Structures are given as structure tokens and as C-alpha cells.
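Here is what each chain is made of, one letter per residue.
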Amino acid sequence: MALAASHDNVITRHELLAVGLTPGIIRQRVAVGWLRRRHRGVYVLGPDPPSSRGKARAAVLACGPDVVASHRTAAELWDLVPACDRDAEVTALARNPGAYPGITIHRTKDLPRAEIRDLGGIPVTTVARTVCDVAAAEPVNDVEHALQEARVHHHLSDRQLLAVIDRAPTRRGAALIRRLLADDGGRGYTRSKAERLMRSRVRQAGLTQPAANRHILGYLVDFVWERERLIVEVDGVGTHGSRASFESDRERDQVLVAAGYRVIRITWRQLNEQPFAVIARLAQALASTL
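Attention in this report is confined to the structure presented alongside it.

## A word on the sheet that holds strand S9 (residues 211–216)
Strands sit in the order S9-S10-S11-S12 across an open sheet of four strands; the sheet is mixed. Edge positions in the open sheet fall to S9 and strand S12 (262–267), since each of these has one partner strand only. Sheet twist, expressed as the average angle between the axes of neighbouring strands with direction ignored, equals 45°.

Structure follows, in C-alpha cells:
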């Protein structure tokens, strides 16, 4: 149906009845697979699984008014994290919409209109609110990824993030956001600190020391094992704070890879807080060339 096709192949029972389908016809079309029941009173058209937008739209329609897509689901809608096969997540304002299989419902007493956007007819938390919600529930690596993508593609500012957590300073995830912003603000990553820490980690692991701050094909790279053709770049949270720098880094990586180098990007936080995992990956990469 045209209505469902324009709404991510999602349609409600009320809409089906409004276009003339009877309850019996709806049951018959569900039986033959033309319609699939996604939630109570919400259907998906056709055999294909719903997209991220379809999952979000269906969840919001099922739960009713004053409900918005949020958390990981909102992050997928804003392209901050990859899509995954998990329950849709929504936030309900000041009420309990009940239990719905396939939907994780968060409840809040306060969701300012300023923290809600309409994304193709789907009410969704803003990018800033979404990053803060992700910080409350997802692994730190996913939070860093979401924050970086938000800065590059949506020009998210520290001020916007701080405005969200200042409205609820004790919210889960607020401390992590503040720490990531602090690390990015001069008390964390610098090129010289990264070099000292990287050399220390490599020495402790008994690996061969890389060359640092070398020009390769016109680019200044952080570290390189020349014989193994392995380049490592250490990024602060805000290293790609603009679309131009993000695009430039991707072009740079492509040129280096095309010339036969392998490029591994690690974050300053990973180098600080996950040294064993970082060194294990580097050791594996170095060994794979032997």
C-alpha cells in the first residue's frame, strides 16, 4: 500500500481499517504473509525485516503519544552507530505505556521539547540527548564512536552536550561524557603524550619500537613499523571535529593503504585504559607480516 511504503513499510490497524480493510481481511492477509504483526496494532508490509527506521516507527506507533525513539535506536537513526539486531528503544514521558515484546521502554519525568526532533515523521531525541543516552547504556567504545560521528556529521558542540547533562547532572552517563570532553580539552591527548605512552606500552610488551612522526607519501603519521608496513594513528575524541578533517583522514588512509600500508587507528582513551587489548592487536598485526 502507498501509505505503508511511504512510512518505512509500517502501518497501523487503525490505518488499515480507515482505507477499507475489515478485521477479517486483515487476519487473512496476516495469514498469507502479506502483512506481519510487529507489535499490538502495528504491522509491517511484506516479507523483509524492517529497517532501523521501520523498527523505530513501529515501536513509537505501538507505544502511543508522548513516546520518542531514543538511546541506541535513536543513535541508529542519526547514523551514529551501526544498525544491530536488538529491541527498539523508546522513551516515554511521564507515563507507563505498558509492556511490548521487542521494545525496551525507558521512562522519564522530564523530556524538554528542545531535546526532541521529527525525523521523517518519527519523533526522536536530538543528537545531543541521544549521545548522552548512549553514554548511559552502551560500551565506552560505542560512546566514543557515537560522539565522534555526531561531531563530524551533525556538528555537535560541547556546549550542546553540556546543556543536556546540566539539566540532569546525576543522569547515568553524565560522568562519562564529562570525562571524554575533559580528555579532549587539553588534559588528555597530545601528540607528545601519545608518543611517550605508546613507546612505554610497546617496550613493556617486548615489541620492536616504531618510528614516530614520519612523513610517508606526504602525510605525517604518528607511528610506523616500516618493514611491516604498519601505521598507527592515535586520535583524541575531537580529532575529527569537522567534516573536512574527517574526509581528509579517510582520503589519507586510502592513499596509504593503496600504497601497501596497513593503517590502525586507536583512541587516546584506549591507549590509556585498554593497553593490553591495544598491544594484543598490534602484536597480531605485526606477526601477520612475518
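There is more to say, and it comes next.
## Points about the sheet that holds strand S2 (residues 35–39)
Spatial strand order, S1-S3-S2: three strands in an open sheet with antiparallel pairing. If you trace the sheet from one side to the other, it starts and ends with strand S1 (10–12) and S2, each paired once. For this sheet, the mean angle separating the axes of adjacent strands, direction not counted, is 40°. Here three bridges tie S1 to strand S3 (residues 42–45), and the two strands are oriented antiparallel to one another. Paired with Ile11 across the strands is Tyr43, a residue of S3.

## Some remarks on helix H13 (residues 275–287)
Note that an α-helix has 3.6 residues per turn; residues three or four places apart therefore point the same way. The end-to-end C-alpha distance of H13, which contains 13 residues, comes to 18 Å, matching closely the 18 Å that a straight helix rising 1.5 Å per residue would cover. For H13, the complete set of buried residues consists of Pro275, Val278, Ile279, Leu282, Ala285 and Leu286. Taken end-on, H13 shows its buried residues confined to a sector of 125°, consistent with a single buried face. Facing away from the buried side of H13, by more than 90 degrees, are the exposed residues Phe276 and Gln284.

## Observations concerning the side chain of Asp222
Tracing the chain through its elements places Asp222 in strand S10 (residues 219–225). Exposure remark for Asp222: the relative accessible area of 6% places this residue in the buried category. At a separation of 2.8 Å, a polar atom in the side chain of Asp222 contacts the main-chain amide nitrogen of Val234.

## Describing the environment of Ala146
One can find Ala146 in helix H7 (residues 140–154). Here the alpha-carbon distance between Ala146 and Trp78, two residues 68 residues apart in the chain, equals 9.4 Å. Among all residues touching Ala146, those that are not within four sequence positions of it are Leu80, Val81, Val131 and Val134.

## Overview of the packing of aromatic side chains
Here a ring pair, both rings aromatic, is described through the centre-centre distance and the interplanar angle of the planes. Considering all chains together, one arrives at zero aromatic pairs under this definition. For Arg29, the ring lying beneath its charged end belongs to Trp34, and the centroid distance is 4.6 Å.

## Points about the pairing of strand S11 (residues 230–235)
Counting buried positions along S11 gives six out of six residues, so the element sits mostly inside the fold. The two faces of S11 match: Leu230, Val232 and Val234 on one face and Ile231, Glu233 and Asp235 on the other face are all buried. Counting the residues that bridge the hairpin from S10 to S11 gives four residues, and of these Arg229 lies at a positive phi of roughly 55°. Here S11 runs beside S12; their pairing, made up of six bridges, is parallel. Across the sheet, the residue bridging to Val234 is Ile266, located in S12.

## Remarks on the packing of helix H6 (residues 127–137) against H7
Two elements in contact, H6 and H7, have axes whose closest approach is 9 Å; the angle formed by their N-to-C orientations is 170°. Viewed along their axes, H6 and H7 adopt a mutual orientation that is roughly antiparallel. Packed against H6, whose contacting residues are Val127, Val131, Val134 and Ala135, the element H7 presents Val143, Ala146, Leu147, Ala150 and His154 at the interface. When the residues that make up the contact of H6 with H7 are grouped by side-chain class, the tally is eight nonpolar, one polar and no charged.

Here is what the cut-offs are and how they apply
- Residues numbered from 1 in each chain as written.
- Predicted model: local features only at pLDDT ≥ 70, side-chain atom pairs only at ≥ 80, totals over all residues.
- Heavy atoms only, no water.
- Pairing = 2+ DSSP bridges.
- Helix = DSSP H or I, 4+ residues; strand = E, 2+ residues; numbered from the N terminus.
- Axes fitted to C-alpha atoms, helices over the stretch in contact; angles between N-to-C directions.
- Expected span 1.5 Å × (residues − 1).
- Buried < 20%, exposed > 50% of the residue type's maximum accessible area, 1.4 Å probe, protein only.
- Arc of directions from axis to C-beta.
- Polar contact = N/O pair within 3.5 Å; in protein donor to acceptor, adjacent residues only side chain to side chain.
- Contact = heavy atoms within 4.5 Å.
- Phe/Tyr/Trp six-rings, centres within 6.5 Å; stacked < 30°, edge-to-face > 60°.
- Lys NZ or Arg CZ within 6 Å of the ring centre and 35° of its normal.
- Parallel < 35°, antiparallel > 145°, perpendicular 65-115°, else oblique.
- Nonpolar A, V, L, I, M, F, W, Y, C, P; charged D, E, K, R; others polar.

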